[in-house]
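Below, each chain spelled out in residue letters.
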Amino acid sequence: MARVIDMPKLSPTMEEGQIVTWHKKEGDAVEVDELLAEVETDKATMEFRSFDRGTLLKILVPPGSMVRLGEPVAVIGKSGESAEHLIPNARGAAPPSAAAPPSAATPASAATPASAATPASAATPASAATPASAPVAAAFVAPAAIVAASVGADGRVKASPYVRKLARERSLDLRSVHGSGTGGRIVARDLEGASTSSPTVIPVAAPTAPTPTLALGREPRIKPLSMMRRTIARRLTESKQQVPHFYLTIDVDAGALVELRTRFNAEVGRKVSFNDLVVKAVAIAIARAPEVNAQFTPEALVYHRRVDISVAVAVDDGLVTPVVRDADQLTLLQISDKIQALSLRARERKLGVEEMTGGTFSISNLGMHGIDEFAAVINPPEGAILAVGAIRSEPVVKNDVVVPGKRMKLTLSCDHRVVDGAVGAKFLAELRGVIEHPLQILAL
Amino acid sequence: MKSMRYREAVREAIAEEMERDSRVFLMGEEVAQYQGAYKVSEGLLERFGEKRIIDTPITEAGFAGIGIGAAIVGLRPIIEFMTWNFSAVAFDQLLNNAAKLRQMSGGQLSVPIVFRGPNGSARQVGSQHSHSMEHFYVHVPGLKVVAPATPADAKGMLKAAIRDDDPVLFLESETLYSVKGDVPEGDYVVPFGKGRIAREGKDCTLISYSRMVHVCLEAAEALAAKGIDCEVIDLRSLRPLDEEILVQSISKTHRAVVAYEGWPYGGVGAEVVDRIQRLAFDELDAPILRVTTLDVPMPYNAKLEQHVIPQADRVIAAVEAVTYRRD
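These figures come from a predicted structure and were not determined experimentally. (Residues numbered from 1 in each chain as written. Chains lettered and ligands numbered in written order. Predicted model: local features only at pLDDT ≥ 70, side-chain atom pairs only at ≥ 80, totals over all residues.)

## Thoughts on the overall build of chain B
Inference 1: Each helix and strand in chain B was counted, giving twelve helices and 14 strands.
Inference 2: Scored against the burial criterion, the 327 residues of chain B give a buried share of 53%. (Helix = DSSP H or I, 4+ residues; strand = E, 2+ residues; numbered from the N terminus. Buried ≥ 20, exposed ≤ 12 C-beta atoms within 10 Å, placed from the backbone.)

Here it is in structure tokens:
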């Protein structure tokens, strides 16, 4: 007996997922626990394994589609069994008019866009994947599957009537369009540059001519938002809008640190990076000025006793922040090993959700890219982030004499709701102490 | 073309129609000996004599009723209300006689009458004399209501009103009487039910009539400097209403603001909004906003009065809102 497979919950916070690749094609045999697809969730790319044994009869959503939890993605059954009768079921309570081409195009059904867009009818991907269904009908129910910012809690997209008309005419899928109007409403200007040929917009009908305003071959490159990009955009916007940032910068003497690293790498025979050294130094400084290891909540200030340091790691499409747990309890070499392992897994997109959450303090290092100093955006709910600049060779004054020296700038971004200026300054003074007298890094 | 003031255009229309048709006469308070409270009828007594330019006592219900009776028996009266505020006293005549008799008589009677006078705000005439009466009258089937903004339309539409076989309410404005403009020479008649594009534009449609058309044009100039290109529609005729011009313009601009004098509850603006949302729903990119007189009786204090009357700055803010330049 064929049955519909829904999008499962693949991470604790997942509300929707993007099908990255199908590992099975229609007609393939599927075993229990066999890999069906890879799904990009809000945190990581997860494996979507089958709970059933049978034949993959029908794929309802093409790769790249965003699907909300519990929405149908495929039909599994016996080989040769027909899946067609299940597809209307997969659409849940989709109004009959949405599946009936002639009536869907009449003004009568056009007068009920609200009902067509209820979450119950959210099986749009199904209709998008079945060219047999009328283009107009598909366009009409398309908003149901919308997951962009313009989607309300009830799953209904907010778009002006004119935008809906344009979407029908140009066969645009509004799900990936960001609304810039009141309350996130998609308005006409948000469609500028969106043509049917761009991957943002999934054609649901025969391709139509590109919008005449754009010269052929001169269209901007449109890159659909990945889940990671969505998460970055959402979290950093929240941070900058809601967290009152202020910034403290110190310029430390890094001469001893450079010398220590050179000798350590030569004499111990293990390579540690400046970043490893800074992470350990920060862990020591936090132990001495623990007030920066804190978090604001509307009810109370939370001072952490654990020192879990999030380390920003650049990956192909953005960045992630794996967490070095209990950094204050680890030796320099343990920290170095841990960061290497996490970075490798981050670049392979294999980090688990739990490896990227629960940090108490962040470090972002752009020194290796030649950045002298910068101010980082706080990674909520943490209370502070340290931005590490490059080590510069420059003349310094020592005992009233100008000598060659090594300097490094460190900027602490603080959430003023929980970390005040004096607290941040005390932490930076401790950090300066550790970096300028770095043998502690080996001892502690 | 001849340049003239609004009051001269109204006067010319009356004089030309009185020359053309001996059934036409003018009646109202101060229209004859005093030459008109706003000098609209200046010189007409001398020209047409006291049988056709008739002073009345302060009895709006009386002379409105006499006018309706005269129209029923074949004359073509022009009844001047010194201001439309005073028509409130004659409301029963307009509502129950002028508007109803054709229907109630099964088509045996017609009431070819024009009621005219200044409407809307003036300068510090107090709350009882600052009404925008069109909102009461457009509600009534059987009445035609027009409110031209320019001397040309004033002349052409008044001539059309006098020639109409049904009651027409012709709304002028104290603050429009001195406005100058070109008026075509000859027998210039502007039919009802046709709006006018006062300014072409592509980003937002500003819909107005009477005095507020000029405020909208001022707002459109300021908005052009901000890069927002407004189309200004002068409705001219409020009942019948030109739906086609609304749909055509909104199909081009996708956004609309209706600006007029009168309180925000109901009224002409609400009617315009209803037509647009019904006839051009799929063209709308933003909710339609209205800019109206504030929802209070008109204050006498000059500054407060100007605050209550819709001004260009409020029109500008509304256009910026529907073009999503501000919340």
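## Notes on the overall build of chain A
Inference 1: What chain A contains, in helices and strands, is 14 helices and 18 strands.
Inference 2: When each of the 444 residues of chain A is scored for burial, the buried share is 43%.
Inference 3: Put simply, of all contacts in chain A between residues at least 6 apart along the chain, 64% involve residues at least 24 apart. (Contact = placed C-beta atoms within 7 Å.)

## Let's talk about the interface of chain A and chain B
Inference 1: Listed per partner, the contact involves ten residues of chain A and nine residues of chain B.
Inference 2: For the side of chain A that touches chain B, the residue count by class is five nonpolar, four polar and one charged. (Nonpolar A, V, L, I, M, F, W, Y, C, P; charged D, E, K, R; others polar.)

## So, the packing of helix α11 (residues 274-288) of chain A against helix α12 (residues 332-347) of chain A
Residues and elements named next belong to chain A.
Inference 1: Two elements in contact, α11 and α12, have axes whose closest approach is 9 Å; the angle formed by their N-to-C orientations is 120 degrees. Classified by the angle between their axes, α11 and α12 sit oblique to one another. Here α11 runs over α12; the crossing is right-handed. Listed contacts from α12 to Asn275, Asp276, Leu277, Val279 and Lys280 of α11 are Leu332, Ile335, Ser336 and Ile339. (Axes fitted to C-alpha atoms, helices over the stretch in contact; angles between N-to-C directions. Parallel < 35°, antiparallel > 145°, perpendicular 65-115°, else oblique. Left-handed = near helix turned anticlockwise from the far one by under 90°.)

## A short note on the packing of helix α9 (residues 243-253) of chain B against helix α10 (residues 267-279) of chain B
Residues and elements named next belong to chain B.
Inference 1: Remark: α9 packs on α10, axes separated minimally by 10 Å, with the N-to-C direction vectors making an angle of 60 degrees. With respect to their mutual orientation, α9 and α10 come out oblique. Here α9 and α10 pass one another in a crossing that is right-handed. Residue-level contacts link Glu243, Leu246, Val247 and Ile250 of α9 to Val272, Arg275, Ile276 and Leu279 of α10.

## Let's talk about the confidence of the model for chain B
Inference 1: The predicted model of chain B has a mean per-residue pLDDT of 97, with 100% of residues at 70 or higher.
Inference 2: This prediction of the complex comes with two scores: 0.52 for pTM and 0.76 for ipTM. (pLDDT = per-residue confidence, 0-100.)

## Focus on the sheet that holds strand β11 (residues 230-234) of chain B
All names here are of chain B.
Inference 1: Spatially, β9-β11-β10-β13-β14 is the arrangement adopted by the five strands of the open sheet, whose pairing is mixed. Pairing within the sheet leaves two strands with one partner each, and these edge strands are β9 (196-199) and β14 (289-291). On average, each strand axis in the sheet is tilted by 25 degrees relative to the strand beside it, whichever way the strands run.
Inference 2: One ladder, built from five bridges, connects strand β10 (residues 204-208) with β11; its direction is parallel. Bridging across to β11, threonine 205 finds its partner in glutamate 231.
Inference 3: Contacting β9, β10, β11 and β13 (256-259), helix α8 (residues 211-225) crosses the sheet at an angle of about 175 degrees to β11.
Inference 4: Sitting on the sheet, helix α12 (residues 312-322) is in contact with β10, β11, β13 and β14, with an inclination near 175 degrees to β14. (Pairing = 2+ DSSP bridges.)

## Topic: the sheet that holds strand β8 (residues 72-77) of chain A
Inference 1: Spatial ordering of the open sheet is given by β1-β8-β6-β3 (chain A), a layout of four strands whose pairing is antiparallel. The open sheet has two edge strands with one neighbour each: β1 (3-6) and β3 (29-30) of chain A.

## Re the environment of valine 232 of chain B
Inference 1: Structurally, the position occupied by valine 232 of chain B is in strand β11.
Inference 2: Spatially, the C-alpha atoms of valine 232 of chain B and glycine 201 of chain B are 7.5 Å apart, while their sequence positions differ by 31 residues.

## Considering helix α9 (residues 227-242) of chain A
Residues and elements named next belong to chain A.
Inference 1: Its 16 residues give α9 an end-to-end C-alpha distance of 22 Å, which sits within 8% of 22 Å, the value for a rise of 1.5 Å per residue.
Inference 2: For α9, the full list of buried residues reads Met227, Met228 and Arg230. Summarising the axial view, the buried residues of α9 lie within an arc of 165 degrees, below the 170-degree limit, and thus occupy one face. Residues of α9 that are exposed and point over 90 degrees away from its buried face: Thr237, Lys240 and Gln241.
Inference 3: Looking at the buried residues of α9, the elements they touch are β2 (16-22), β4 (35-40) and β14 (318-320). (Expected span 1.5 Å × (residues − 1). Arc of directions from axis to C-beta.)

## Focus on the nonpolar core
Inference 1: Counting 114 residues, the largest nonpolar core has Leu206, Cys216, Val257, Ala259, Val315 and Val319 of chain B as the members making the most contacts within it.
Inference 2: The residues contacting valine 315 of chain B, other than those within four sequence positions of it, are Leu206, Val215, Cys216, Ala219, Val257, Ala259, Val291 and Pro310 of chain B.
Inference 3: Counting residues in each nonpolar core, the second largest holds 82 residues, with Phe296, Val311, Phe361 and Leu386 of chain A among its members. (Core = buried A, V, L, I, M, F, W, Y, C linked by C-beta atoms within 7 Å.)

## Quick word on the environment of arginine 235 of chain A
All names here are of chain A.
Inference 1: With respect to the secondary-structure elements, arginine 235 resides in helix α9.
Inference 2: Given 14 C-beta atoms within 10 Å, arginine 235 falls into the partly exposed group.
Inference 3: When the C-alpha atoms of arginine 235 and asparagine 379 are compared, they prove to be 7.8 Å apart, with 144 residues separating the residues in sequence.

## Concerning α10 of chain B
All names here are of chain B.
Inference 1: Here α10 contains 13 residues, and its C-alpha end-to-end distance of 19 Å stays within 8% of the 18 Å for a straight helix at 1.5 Å per residue.
Inference 2: Those residues of α10 not exposed but buried are Gly267, Val268, Gly269, Val272 and Ile276.
Inference 3: Looking at the buried positions of α10, the neighbouring elements they touch are α6 (134-137), β10, β12 (237-239), α9, β13 and β14.

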